[in-house]
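Remarks on the overall topology
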Amino acid sequence: MKQHLKTIKAYRARIAKYFSFIQGEYHIEKVPAKGSKDSTDFIDQKVWDREPEPATLSGLALALGFISIAELEAYERDGKFAHIIKKARLKVEAEYEKRLHYQSATGAIFFLKNLGWTEKPDDPFLKEIPKTIKIEIVNSGPKLASSEKDVTLLDGKAKG
């Protein structure tokens, strides 16, 4: 495996540049305000020069100079600055996790499952929780009336 960048500073700079790049680029234009009767009313409007794009592992790998996801993963396991790569990967993962809150999260679910997420808990403590719970109802206090016939009125007050 070849060494791509020589310093931790270089990795941090490339990672920051990647995440900045995917935010897109825009400029502000003054446009006439909608519904305004006065032709001098203008508002600021964001105009995209380059649309934002989602964070991806392959995009991160390319930005860091790797030629494949496998090479990125190998460096993540054995590389000198593996902790920086792991943190960047976690940032990509966090972006997909945010998408789980969208109405259509199918793609995000697929991606996260490929990263090892499961719908079942892996925590051994959670596996020990019983699957069934026995509930016992204990009666206390006076016996409840089963119908109106079980209730007698004394001095205008009901008594069971």
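Cut-offs applied
Chains are numbered independently. Their residues run from 1 in the order of the written sequence. Side-chain atom pairs in this predicted model are given and counted only at pLDDT of 80 or more, local residue features only at pLDDT of at least 70, and totals for whole chains, interfaces and linings cover all residues. The basis for the side-chain values is all heavy atoms of the structure; hydrogens and waters are excluded. Each reported salt bridge corresponds to a side-chain nitrogen of Lys or Arg within 4 Å of a carboxyl oxygen of Asp or Glu. Helix numbers and strand numbers start at the N terminus; a helix is a DSSP run of H or I with at least 4 residues, a strand a run of E with at least 2. Working definition: with a 1.4 Å probe on protein chains only, accessible area under 20% of the residue-type maximum means buried, over 50% means exposed, and in between means partly exposed. Every residue pair with non-hydrogen atoms within 4.5 Å of one another is taken to be in contact. Patch membership is restricted to residues that have no salt bridge and whose relative accessible area is over 30%. Joining uses 9 Å for like charges and 5 Å for the nonpolar side chains Val, Leu, Ile, Met, Phe, Trp and Tyr. Residue-level accessible areas treat just the shown protein chains as cover; the underlying method is Shrake-Rupley with a 1.4 Å probe. Only the stretch in contact is used when fitting a helix axis, every axis being a line fitted to C-alpha atoms; angles between N-to-C directions are given from 0 to 180 degrees. Every angle not falling under 35 degrees, over 145, or within 65 to 115 is termed oblique; those three ranges are roughly parallel, roughly antiparallel and roughly perpendicular. Helix crossings fall into two classes, left-handed where the near helix is turned counterclockwise from the far one by less than a right angle and right-handed where it is turned clockwise.

**Some remarks on the pattern of salt bridges**
- Inspection of the entire model under this criterion finds four salt bridges.
- Across the salt bridge formed by Glu 73 and Arg 89, the nearest N and O atoms sit 3.3 Å from each other. Within this pair, whereas Glu 73 is found in helix 3 (residues 69-78), its partner Arg 89 is found in helix 4 (residues 82-99), the two being separated by 16 residues in sequence.
- For Arg 89, a relative accessible area of 13% translates into the label buried.
- Connected via shared salt-bridge partners are Glu 73, Glu 76 and Arg 89.

**Looking at helix 3**
- Taken together, the buried positions of helix 3 are occupied by Glu 71, Leu 72, Ala 74, Tyr 75 and Glu 76.
- For helix 3, the secondary structure elements touched by its buried residues are helix 1 (8-21), helix 2 (57-63) and helix 4.

**Focus on the environment of Phe 42**
- Summarising the element assignment, Phe 42 is placed in strand 2 (residues 42-50).
- The class of Phe 42 is partly exposed, set by a relative accessible area of 45%.
- With eleven residues separating them in the primary sequence, Phe 42 and Val 31 have C-alpha atoms 5.2 Å apart.
- Phe 42 has contacts with Lys 30, Val 31, Pro 32 and Ala 33, leaving out every residue within four places of it along the chain.

**Things to note about a nonpolar patch on the surface**
- A cluster of nonpolar side chains, contributed by Tyr 26, Ile 28 and Trp 48, occupies part of the molecular surface with about 300 Å² of accessible area.
- Residue placement: Trp 48 occurs in strand 2.

**Looking at the packing of helix 3 against helix 4**
- In the contact formed by helix 3 and helix 4, the axes pass within 7 Å of each other and the chain directions differ by 125 degrees. In terms of orientation, helix 3 lies oblique with respect to helix 4. When you trace helix 3 past helix 4, the crossing you get is left-handed. Between helix 3, through Leu 72, Glu 73, Tyr 75 and Glu 76, and helix 4, the contact on the second element is made entirely by Ala 82, Ile 85, Lys 86 and Arg 89.

**Some points on the environment of Glu 76**
- With respect to the helices and strands, Glu 76 occurs in helix 3.
- For Glu 76 and Lys 86, which are ten residues apart along the polypeptide, the C-alpha to C-alpha distance reads 6.3 Å.

Limitation: the analysis is restricted to geometry and does not speak to function.
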